[in-house]
Amino acid sequence: MAIELKMPALSPTMEEGTLAKWFVKEGDEVSSGDILAEIETDKATMEFEAVDEGVISKILVAEGTDEVPVGTVIAEMTGEDEESDSSPAPARADKPKAEPVAAPVTAETAPPAPVSRASDPAIPDGTAMTSLTVREALRDAMAEEMRKDETVFVMGEEVAEYQGAYKVTQGLLDEFGAKRVIDTPITEHGFAGIGAGAAMGGLKPVVEFMTFNFAMQAIDHIINSAAKTNYMSGGQMRCPIVFRGPNGAASRVGAQHSQNYGPWYAGVPGLIVIAPYDAADAKGLLKAAIQSPDPVVFLENELIYGRSFDVPQIDDYTLPIGKARIMRDGSDVTIVSYSIGVGLALEAADVLADEGIDAEVIDLRTLRPLDSETILKSLAKTNRLVVAEEGWPTCSISSEIIALCMEQGFDDLDAPVLRVTNEDVPLPYAANLEKAALIDSAKIIEAVKKVCYVK
Amino acid sequence: MANDISNRNLSPLSLHVPEPKFRPGDAVDYSDVEIQKAGDQARPDVSTKPAAMRDLAYDLIRVLDDDHKAVGPWDPKLDDDTLLKMLKTMAQLRAFDDRLHRQQRQGKTSFYMKSTGEEATSVAAAMALDAEDMCFPSYRQQGILFVRGYPMVDMVNQIFSNKADKLKGRQLPIMYSSTRLNFFTVSGNLTTQYPQAVGWAMASASKGDNRIAAVWCGEGSTAEGDFHAALTFAAVYNAPVIMNIVNNQWAISSFSGFAGAERTTFAARGVGYGIAALRVDGNDPLAVYAATQWAAERARTNQGPTVIEHFTYRADAHSTSDDPTAYRSAQEREEWPLGDPIMRLKRHLITRGVWSVEQQEALDVECVEAVKVAVKEAAKNGILGHGLHQPFETMFQDVFEEMPWHLREQADQADKERDIKWPS
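*Asks:* Explain the interface of chain B and chain A to me, and be specific about the residues and the numbers.
*Replies:* In this assembly, 79 residues from chain B lie in contact with 90 residues from chain A. For the pairing of chain B and chain A, the buried interface totals around 7200 Å² over both sides, and the portion due to carbon and sulfur atoms is 57%. Ranking the residues of chain B by area buried against chain A places Arg105, Trp405 and Trp422 of chain B at the top, with a combined share of 11%. Counting across the chain B and chain A interface gives three salt bridges.

*Asks:* Break down a negative patch on the surface for me, with residues and values.
*Replies:* Together, Glu15, Glu16, Glu40, Asp66 and Glu67 of chain A line one region of the surface with negative charge. Relative to the elements of secondary structure, glutamate 40 of chain A occurs in strand E4 (residues 35-40).

*Asks:* Lay out the sheet that holds strand E8 (residues 73-78) of chain A in plain terms, naming residues and giving numbers.
*Replies:* Residues and elements named next belong to chain A. Strand order across the open sheet formed by four strands is E1-E8-E6-E3, with antiparallel pairing between neighbours. The open sheet terminates on both sides in strands that have one partner only, identified here as strand E1 (3-6) and strand E3 (29-30). Examined bridge by bridge, strand E6 (residues 54-59) and E8 share four bridges and lie antiparallel to one another. Directly across from isoleucine 56, in E8, lies its bridge partner methionine 77.

*Asks:* Describe in detail the packing of aromatic side chains, supporting the description with residues and values.
*Replies:* Inspection of every chain in the model, using the stated rule, returns 21 aromatic pairs over all chains. Plain terms: the ring middles of tryptophan 74 of chain B and tryptophan 294 of chain B are 6.3 Å apart, the flat faces sit at 55° to each other, and that makes the pair tilted. Separated by 220 residues along the polypeptide, tryptophan 74 of chain B in the loop between helix H1 (2-7) and helix H2 (80-105) and tryptophan 294 of chain B in helix H9 (residues 285-300) bring together distant segments of the chain. Looking at tryptophan 74 of chain B, the relative accessible area reads 2%, which means it is buried. Ring centres of phenylalanine 392 of chain B and phenylalanine 396 of chain B lie 6.2 Å apart, and the angle between their planes is 80°; on these two criteria the pair is classed as edge-to-face. As far as burial versus exposure is concerned, phenylalanine 392 of chain B and phenylalanine 396 of chain B are alike and both buried. An aromatic cluster of at least three residues, connected via ring pairs, comprises Phe191, Phe209, Phe212, Phe243 and Tyr265 of chain A. One cation-aromatic arrangement involves arginine 252 of chain A over tyrosine 429 of chain A; the distance from NZ or CZ to the ring centre is 4.2 Å. Positioned above the aromatic ring of tyrosine 231 of chain A, the side-chain terminus of arginine 170 of chain B is 3.8 Å from the ring centre.

*Asks:* Go over the sheet that holds strand E7 (residues 65-69) of chain A with me, naming the residues and quoting the values.
*Replies:* Residues and elements named next belong to chain A. Strands sit in the order E5-E4-E2-E7 across an open sheet of four strands; the sheet is antiparallel. The strands lining the two open edges of the sheet, one partner per strand, are strand E5 (45-49) and E7. When strand polarity is set aside, the average angle formed by the axes of neighbouring strands in this sheet is 40°. Note: strand E2 (residues 16-22) against E4, four bridges, orientation antiparallel. Bridge assignment links threonine 18 to a residue of E4, and that residue is glutamate 40.

*Asks:* Account for helix H5 (residues 152-160) of chain B, naming residues and giving values.
*Replies:* Residues and elements named next belong to chain B. Along H5, eight of the nine residues are buried, which leaves the element largely enclosed by surrounding structure. All of the buried residues along H5 are Met152, Asp154, Met155, Val156, Asn157, Gln158, Ile159 and Phe160. Against H2, helix H4 (142-147) and helix H12 (357-379) lie the buried residues of H5. Phi turns positive, to about 50°, at serine 161, one or two residues after H5.

*Asks:* Help me get a handle on the pairing of strand E13 (residues 242-246) of chain A, residues and values and all.
*Replies:* All names here are of chain A. E13 sits mainly inside the fold: five of its five residues count as buried. The pairing of strand E12 (residues 204-208) with E13 spans three bridges and is classified as parallel. Paired with glutamate 208 across the bridge in E13 is arginine 244. Examined bridge by bridge, E13 and strand E15 (residues 296-300) share five bridges and lie parallel to one another. When the sheet's bridge partners are listed, proline 246 is paired in E15 with glutamate 300.

*Asks:* Tell me what's going on with the pattern of salt bridges, and back it up with residues and numbers.
*Replies:* Residues and elements named next belong to chain B. Throughout the structure, instances matching the rule amount to 43 salt bridges over all chains. Between lysine 168 and aspartate 398 there is a salt bridge, and its shortest N-O distance comes to 2.8 Å. Taken together, the positions of lysine 168 in the loop between H5 and helix H6 (193-206) and aspartate 398 in the loop between H12 and helix H13 (405-421) put the pair 230 residues apart, joining distant regions of the chain. Notably, a salt bridge pairs arginine 344 with aspartate 284, separated by 3.8 Å at the nearest N-O pair. A residue pair is termed long-range when its members are at least 10 positions apart, and arginine 344 in helix H11 (residues 341-352) and aspartate 284 in the loop between strand E6 (276-281) and H9 qualify at 60 residues. For aspartate 284, a relative accessible area of 0% puts it in the buried group.

Rules of the game
- Positions within a chain are numbered from 1, following the residues in the order the chain's sequence is written.
- Each chain is given a letter, starting from A, and each ligand a number, starting from 1, according to the order in which they appear as written.
- Note on the predicted model: pLDDT of at least 70 is required for a residue's local features to be given, and 80 or more for side-chain atom pairs to be given and counted; whole-chain, interface and lining totals, by contrast, use all residues.
- Side-chain calculation: all heavy atoms of the structure are included, whereas hydrogens and water are not.
- The contact criterion used is simple: two residues touch if any of their non-hydrogen atoms lie within 4.5 Å.
- Buried area is understood as the total, over both parts, of accessible area removed when two parts are fitted together, assessed with a 1.4 Å probe.
- By convention in these notes, a salt bridge is any Lys or Arg side-chain nitrogen within 4 Å of a carboxyl oxygen on Asp or Glu.
- Exposure above 30% relative accessible area and no salt bridge define the residues that can form patches, which grow by joining like charges within 9 Å and nonpolar side chains of Val, Leu, Ile, Met, Phe, Trp and Tyr within 5 Å.
- All accessible-area figures derive from a Shrake-Rupley calculation using a 1.4 Å probe, and residue coverage is judged against the displayed protein chains alone.
- Positive residues here are Lys and Arg, negative ones are Asp and Glu, while His and the chain termini are left out of the count.
- In this description, the location of a charge corresponds to atom NZ of lysine, CZ of arginine, CG of aspartate or CD of glutamate.
- The secondary structure listing takes helices from DSSP runs of H or I that are at least 4 residues long and strands from runs of E that are at least 2 residues long, numbered from the N terminus.
- Two strands qualify as a pair provided that DSSP identifies no fewer than 2 bridges between them.
- Stacked, tilted and edge-to-face are the three classes assigned to paired rings of Phe, Tyr and Trp, where Trp is represented by its six-membered ring and a pair needs centres within 6.5 Å; plane angles under 30 degrees give stacked, over 60 edge-to-face, the rest tilted.
- Note on exposure labels: buried denotes an accessible area under 20% of the residue type's maximum, exposed denotes more than 50%, and partly exposed covers the range between, all computed with a 1.4 Å probe on protein chains only.
- Note on criteria: charge over ring means Lys NZ or Arg CZ within 6 Å of the ring centre, with the direction from the centre no more than 35 degrees off the ring normal.
- Axis definition: a line fitted to C-alpha atoms, over the contacting stretch in the case of helices. Angles run 0 to 180 degrees between N-to-C directions.

Structural data, given as structure tokens:
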């Protein structure tokens with residue numbers, strides 16, 4: 001069987017080149033490693049070597065020919081082609097070879113019915129509630145998981161001796177010791193990598209960033225290593241790790257310290273992104289995050305660390321990842337939000353109720369995977385939707401939800417979906433400007449009235 | 001005061017941009033490269049404090065002398081069988097690299113990277129480790145897989161991205177991964193494996209295990225922040241890790257001067273962190289073995305991490321996408337003062353009387369045949385070609401432990417659309 005010699009590619013992006021010179025002629029015997037020809041591109045010259053021994057039977061492209069496309073058969077050789085691809089490709093994969101037929105956009109292409117999501121655990125009547133701050137709830141979640149599973153450990157700047165820059169790790173050093181509550185050198189990039197390696201090594205790290213603003217230098221480990229380890233290794237390796245810390249604007253800390261990274265991380269396959277609002281969710285979801293075999297980005301908010309909420313006194317209170325929560329039932333309009341925005345949306349809903357508008361408020365809780373089912377169900381009920389997000393408007397969670405409503409809820413919409421976000425500027429330090437740039441409940445009320453066509 | 005400066009009689013500031021000594025066509029003369037005498041370097045006890053052994057970060061540990069004999073305190077005194085295994089593994093690796101590189105030239109795969117001339121830095125190093133020790137290689141340490149017995153056919157399956165590819169067509173050719181052989185998923189982003197290896201080693205120590213970690217990067221990527229963060233953590237927590245720097249003189253077309261080689265050695269990076277540092281003749285397989293063995297014992301006995309600079313030469317192109325004749329002199333390879341690791345070990349074994357030129361010739365043929373068989377076997381599972389080897393639905397797998405609903409919905413929808421566009 002003749003071996004076809006094809007125009008080689010120097011690099012995966014090369015499309016064509018010049019066949020500069022043949023070093024062999026028809027009838028020549030060649031052996032493995034012999035240089036057969038010289039190929040030129042605008043960037044480089046490469047020698048084309050014989051892989052196998054045989055006789056050059058035909059030269060099909062003459063030397064000096066320009067613009068020879070990669071893959072063109074340039075010569076033929078006699079001999080056994082040991083690497084001929086005789087095996088059939090998997091049948092399923094053969095499909096694209098068939099002639100495409102016109103695909104009318106019909107109901108056939110409509111998305112399949114949503115796969116049902118998990119639900120929150122039932123809270124039995126009479127369950128006692130404890131009032132906890134979000135800070136305490138997060139600490140309790142870590143402590144409970146650390147008691148249960150000795151592979152769980154916490155590390156970050158100031159997490160041990162100082163009890164956390166925002167005191168979230170209060171008491172952990174005393175209970176678990178310096179081996180499991182580790183103060184690190186000041187390099188977010190470094191300890192994100194250390195954490196990823198420790199996770200590959202069988203531990204379950206909880207990496208605290210003093211704030212997510214400092215985690216930008218760690219994003220390579222989060223996205224390029226943690227999020228892809230399972231996939232790239234063909235399912236052989238895991239990187240179970242939680243990256244947590246405050247996210248979003250705090251108060252008067254300037255442009256570099258007031259950013260919401262929710263949309264950044266929520267765009268990355270392989271990551272789970274959680275951004276809770278109240279203490280019960282903070283606890284139940286942080287426990288779920290630590291138990292997860294997948295890498296999790298857990299976004300907290302400095303301004304709500306000190307707020308108190310009821311937390312059910314249930315052993316091992318763990319919540320499902322990827323499930324939104326209806327914070328307030330309503331029938332006229334839906335306000336979707338997450339993290340600190342939920343508080344503002346609830347404030348807005350109270351004011352709106354007084355004006356006769358009954359708003360439903362949804363807390364997304366998890367940003368990836370996004371609970372599209374709950375959003376669409378609510379939209380089907382209210383037919384009007386506003387997204388409230390403490391963050392920039394462009395390429396945001398708001399944009400994503402608007403796209404979702406367009407793609408999958410178009411027929412339910414009685415008004416365009418509006419987003420209420422921060423202004424599209426770095427957050428100013430000056431108090432008046434900072435206030436003006438941030439989202440507030442008045443802006444949410446205004447948007448809700450717009451979609452309800454109420455003055 | 002600013003105004004005063006203009007009045008001073010100062011010469012203008014000048015900027016130094018490093019320039020390699022030789023460019024294409026230049027005659028190569030390495031006589032100014034300081035090559036220490038083999039056997040002259042002291043071998044400190046593995047418990048020596050880094051401050052008491054700084055000389056070894058600037059010296060060059062060498063075992064094989066000009067007469068091909070193993071000399072001095074670093075001679076690991078390996079038996080004939082171990083040395084023959086080392087030679088055979090390096091020869092097999094070289095044959096594999098040569099053939100797979102050519103496969104790329106014939107369109108059987110899109111990309112390949114050879115380790116020609118640097119075989120000792122992975123083969124001899126891996127042989128000095130325990131098979132259970134975790135390796136965090138860069139992209140040029142396929143020698144570790146050869147030492148640990150990964151089948152060549154599995155490597156070719158990955159390179160061809162065919163239906164037997166263990167990584168399911170997810171990764172660039174040569175970015176292997178093997179949990180079974182303690183070989184992590186090769187990262188295409190430089191030096192991210194450094195802090196990960198240190199983190200892995202810290203985890204091992206934290207669990208009270210006795211496995212250590214070893215990591216490799218090139219001299220060029222010591223400039224990455226990851227490198228420095230890793231050394232900081234390794235020093236601070238006394239992590240059981242061996243941090244290898246393969247100084248092969250070239251980072252694609254940037255010579256080592258762009259990473260700081262004009263100022264100091266790469267091993268000296270360790271000195272700044274208070275980490276034991278060894279600078280080794282990377283083309284001397286016995287020196288590489290001995291240094292790794294020393295560092296492994298040190299790590300395993302809780303005496304701390306070690307930085308090892310392997311002084312070697314990248315004898316071939318960076319990758320199949322590279323043409324080194326455009327930026328360096330072709331004579332460099334021939335003139336490299338530390339020779340070739342396979343040739344040196346071969347001559348040593350001949351000198352010992354356990355090997356011959358004829359046996360080496362037979363071995364080389366045998367190695368080529370073995371690669372041919374592996375490639376042929378792998379090609380039965382498909383070559384790159386049309387690239388339709390991976391079942392469509394696998395695209396959505398392994399993104400998360402359990403496929404979330406949005407991916408299941410995407411997968412279902414994509415499947416539906418395929419049915420409409422390409423009815424079966």
